[in-house]
Amino acid sequence: MEMDSNITSKFKKICVFCGSHPGNRKIFSDAAIELGNELVKRNINLVYGGGSVGLMGMISRRVYDGGGRVFGVIPKALVPIEILGESVGDVKIVADMHERKAVMAQAAEAFLALPGGYGTMEELLEMITWTQLGIHKKPVGLLNVEGYYDSLLELFDKGVEEGFIKPAARRIVLSAPTAKELLAKMEVSISSSLVIL
């Protein structure tokens, strides 16, 4: 699948947070490839964690092979762990995780999380917090593959119920079970203003 100049998106670059492991079920790998295909179809370039392994490697390779630009950001300490063989696209090596997130955030127009572990969730939560604080107004989406993030979304709802998360802030996080649905929701969201205060 090559980039198609007839389909355009409101986004030029989306940052995808995802696991450096593929997960135990093929459905997660399939979701990474599906998301890569959707990015290619919509002419959206990829900003990601820079690794060539796990879901990171799958989506970056798919976007790159489809003709999209791929920009990876990886801390020096993770290079021997997360880059096996050749890197994909342009990869910037940075000092630490803090710099990685700052560079990725600056380079992207929206953020999307595939299934992943603590690192994926930490990156996701920081971008949600930055929206809540007004640091950026970029959409944040969860690709909720096979209900992977159901418990996290329930925790957010519990936070609202218990008075720790404002209802308007709960609406920061968009979620959908497929890449096509999620990207459509994210595009619609940039048309509406989000007031959190």
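Below, the structure is looked at part by part. For clarity, every value in this text was computed on a predicted model and none was experimentally measured.

Conventions used here
Residues numbered from 1 in each chain as written. Predicted model: local features only at pLDDT ≥ 70, side-chain atom pairs only at ≥ 80, totals over all residues. Heavy atoms only, no water. Phe/Tyr/Trp six-rings, centres within 6.5 Å; stacked < 30°, edge-to-face > 60°. Helix = DSSP H or I, 4+ residues; strand = E, 2+ residues; numbered from the N terminus. Buried < 20%, exposed > 50% of the residue type's maximum accessible area, 1.4 Å probe, protein only. Pairing = 2+ DSSP bridges. Right-handed = clockwise from strand over helix to strand, strands pointing away. Expected span 1.5 Å × (residues − 1). Contact = heavy atoms within 4.5 Å. Salt bridge = Lys/Arg side-chain N within 4 Å of Asp/Glu carboxyl O. Disulfide = S-S within 2.5 Å. Axes fitted to C-alpha atoms, helices over the stretch in contact; angles between N-to-C directions. Parallel < 35°, antiparallel > 145°, perpendicular 65-115°, else oblique. Nonpolar A, V, L, I, M, F, W, Y, C, P; charged D, E, K, R; others polar. Core = buried A, V, L, I, M, F, W, Y, C linked by side-chain atoms within 4.5 Å.

**Concerning the packing of aromatic side chains**
- Tallied over the entire structure, the rule returns 3 aromatic pairs.
- On the basis of an interplanar angle of 0 degrees and a centroid distance of 6.1 Å, the ring pair of Phe-17 and Phe-111 is categorised as stacked. Here Phe-17 is found in strand β1 (residues 13-17), whereas its partner Phe-111 is found in strand β5 (residues 110-113), with 94 residues between them in sequence.
- We classify Phe-17 as buried; its relative accessible area is 3%.
- Note on Tyr-148 and Tyr-149: the rings are 4.9 Å apart at their centroids and 90 degrees apart in plane angle, and the pair reads as edge-to-face.

**Some details on the pairing of β5**
- Neither face of β5 is exposed, since Ala-110 and Leu-112 on one face and Phe-111 and Ala-113 on the opposite face are all buried.
- Looking at chain direction, β1 and β5 are connected through 4 bridges and run parallel. Bridge pairing in β5 links Val-16 to Leu-112.
- Pairing between β5 and strand β6 (residues 140-143): 3 bridges, direction parallel. By the bridge assignment, Ala-113 is partnered in β6 with Leu-142.
- The β-α-β motif built from β5, the intervening helix α5 (residues 118-132) and the parallel element β6 has right-handed crossover chirality.

**Description of helix α6 (residues 150-161)**
- Taking 1.5 Å of rise per residue, the 12 residues of α6 would be expected to cover 16 Å, and the 16 Å separating its terminal C-alpha atoms lies within 8% of that figure.
- Those residues of α6 hidden inside the fold are in contact with α5, β6, α7 (167-170) and β7 (173-176).

**Brief notes about the pattern of salt bridges**
- Tallying each qualifying case throughout the model produces 13 salt bridges.
- We note a salt bridge from Glu-38 to Arg-42, for which the minimum N-O separation is 3.0 Å. Summarising the burial analysis for this pair, Glu-38 and Arg-42 share the class buried.
- We note a salt bridge from Lys-158 to Glu-162, for which the minimum N-O separation is 3.1 Å.

**Some words on the state of the cysteines**
- With the rule as written, the count across this model stands at 0 disulfides.
- Left without a disulfide partner, Cys-15 is nearest to the cysteine sulfur of Cys-18, which lies 9.0 Å away.
- On the basis of relative accessibility, which here comes to 0%, the residue Cys-15 falls in the buried class.

**Structural notes on the sheet that holds β5**
- Taken in spatial order, the 7 strands line up as β4-β3-β2-β1-β5-β6-β7 in an open sheet, and their pairing is parallel. The open sheet terminates on both sides in strands that have one partner only, identified here as β4 (90-94) and β7. Within the sheet, the average angular offset between the axes of one strand and its neighbour, ignoring direction, is 25 degrees.
- Relative to the sheet, helix α2 (residues 54-65) contacts β1, β2 (45-48) and β3 (70-75), its axis offset from that of β2 by approximately 155 degrees.

**Looking at the packing of helix α1 (residues 26-41) against helix α8 (residues 179-189)**
- Where α1 meets α8, the axes come as close as 9 Å, and the angle between the chain directions of the two elements is 50 degrees. In terms of their interaxial angle, α1 and α8 are classed as oblique. Residue-level inspection shows Glu-34, Leu-35, Glu-38 and Leu-39 of α1 in contact with α8, the latter providing Ala-179, Lys-180 and Leu-183.
- Taken together, the residues that form the contact of α1 with α8 break down as 4 nonpolar, no polar and 3 charged.

**A look at the nonpolar core**
- Judged by nonpolar contacts, the single largest core of 29 residues is most densely connected at Ile-14, Val-16, Leu-35, Leu-39, Ile-59, Leu-114 and Leu-143.
- When contributions to this core are tallied by element, the ones reaching two or more residues are β1, α1, β2, α2, β5, β7 and α8.
- Here the element with the most residues in this core is α1; it accounts for 5 residues.
- The contact partners of Leu-39, leaving out residues within four places of it in the chain, are Ile-14, Val-16, Ile-44, Leu-46, Ile-59, Val-63 and Leu-183.
- Grouped together as the second largest cluster of nonpolar side chains are 25 residues, Val-73, Met-104, Phe-111 and Val-140 included.

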